[in-house]
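Architecture at a glance
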Amino acid sequence: MTRPSPTGLYCCGCQKDVPARLTDGREVYPHRPDLFGLTFWKCDTCGNYVGCHHKTKDRTRPLGNIPTKELKNARQHIHRILDPIWQKGKVPRGKLYAKIAEELGIAEYHTAEIKTVEDARKVYAIVKRLAA
Ligand SMILES: [Zn+2]
């Protein structure tokens, strides 16, 4: 548990890169023993955290930046509309993500990298339109 965050992780609560601390489910989800073995990066300044790519070789690689609770909810909301679009085969996943990136004017889109609720709202509007 001593590995430092490689280049600092962006924390949406602090709105800057922070020296996140690696911890596990015992601290983040004390009531979920089934998650105790999983790793998380936590910002000790604001208390927010992000999970890791648990199922890969690099088990401590963060899933994205560190979201606030509000942002986490917003992202889940986006996923609920976004995922069925490609899952039903309406548009291939890669093409869909490229389309969102294009509309946002960024090189690559990842829901886990959304930094502000404002941006989440923008994405939500795009995704909702694409789902229609
Ligand atoms: Zn923070």
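Refer to the structure presented above.
Figured I'd write up the structure that's included with this text. (Residues numbered from 1 in each chain as written. Predicted model: local features only at pLDDT ≥ 70, side-chain atom pairs only at ≥ 80, totals over all residues.)

Notes on the nonpolar core
Side chains that are nonpolar tend, in soluble globular proteins, to be buried together. Applied cut-off: Think of a nonpolar core as buried Ala, Val, Leu, Ile, Met, Phe, Trp, Tyr and Cys residues, each tied to the set through C-beta atoms within 7 Å. For every residue, the other C-beta atoms within 10 Å of its own C-beta are counted; 20 or more classify it as buried, 12 or fewer as exposed, and values in between as partly exposed. C-beta atoms are placed from the backbone. Helix numbering and strand numbering both begin at the N terminus, where a helix is a DSSP run of H or I of at least 4 residues and a strand a DSSP run of E of at least 2. Where each domain begins and ends is defined by an automated method or by a domain database.
Among the nonpolar cores identified, the biggest contains 20 residues, and Cys-11, Trp-41, Ile-66, Ile-78, Ala-120 and Val-123 are the most heavily contacted of them. Contributions of two or more residues to this core are made by strand S1 (9–11), strand S4 (39–42), strand S5 (49–51), helix H2 (69–87) and helix H4 (117–131). By residue number, the principal contributor to this core is H2, which donates four residues. Counting contributing residues, this core receives three or more from each of domain 1 (1–66) and domain 2 (69–131).

Some remarks on the environment of Lys-128
Tracing the chain through its elements places Lys-128 in helix H4. In this structure Lys-128 comes out as exposed when scored by C-beta crowding, with 12 C-beta atoms within 10 Å. Spatially, the C-alpha atom of Lys-128 lies 35 Å from that of Asp-24, the residues being 104 residues apart in sequence.

Considerations on the sheet that holds strand S3 (residues 21–24)
As a reminder of what qualifies: For two strands to pair, DSSP has to find at least two bridges joining them. In this analysis an axis means a line fitted to C-alpha atoms, helices contributing only their contacting stretch, and an angle means the value between N-to-C directions, from 0 to 180 degrees.
A sheet is described by the order of its strands in space; here three strands give the open sequence S3-S4-S5, paired in antiparallel fashion. At either margin of the open sheet sits one strand with a lone partner, and together these are S3 and S5. Taking each pair of neighbouring strands and ignoring which way they run, the sheet shows an average axis angle of 35°. For S3 and S4, the ladder comprises four bridges, and the chain directions are antiparallel. Residue Leu-22 lies in a different strand from S4, and its bridge partner there is Trp-41.

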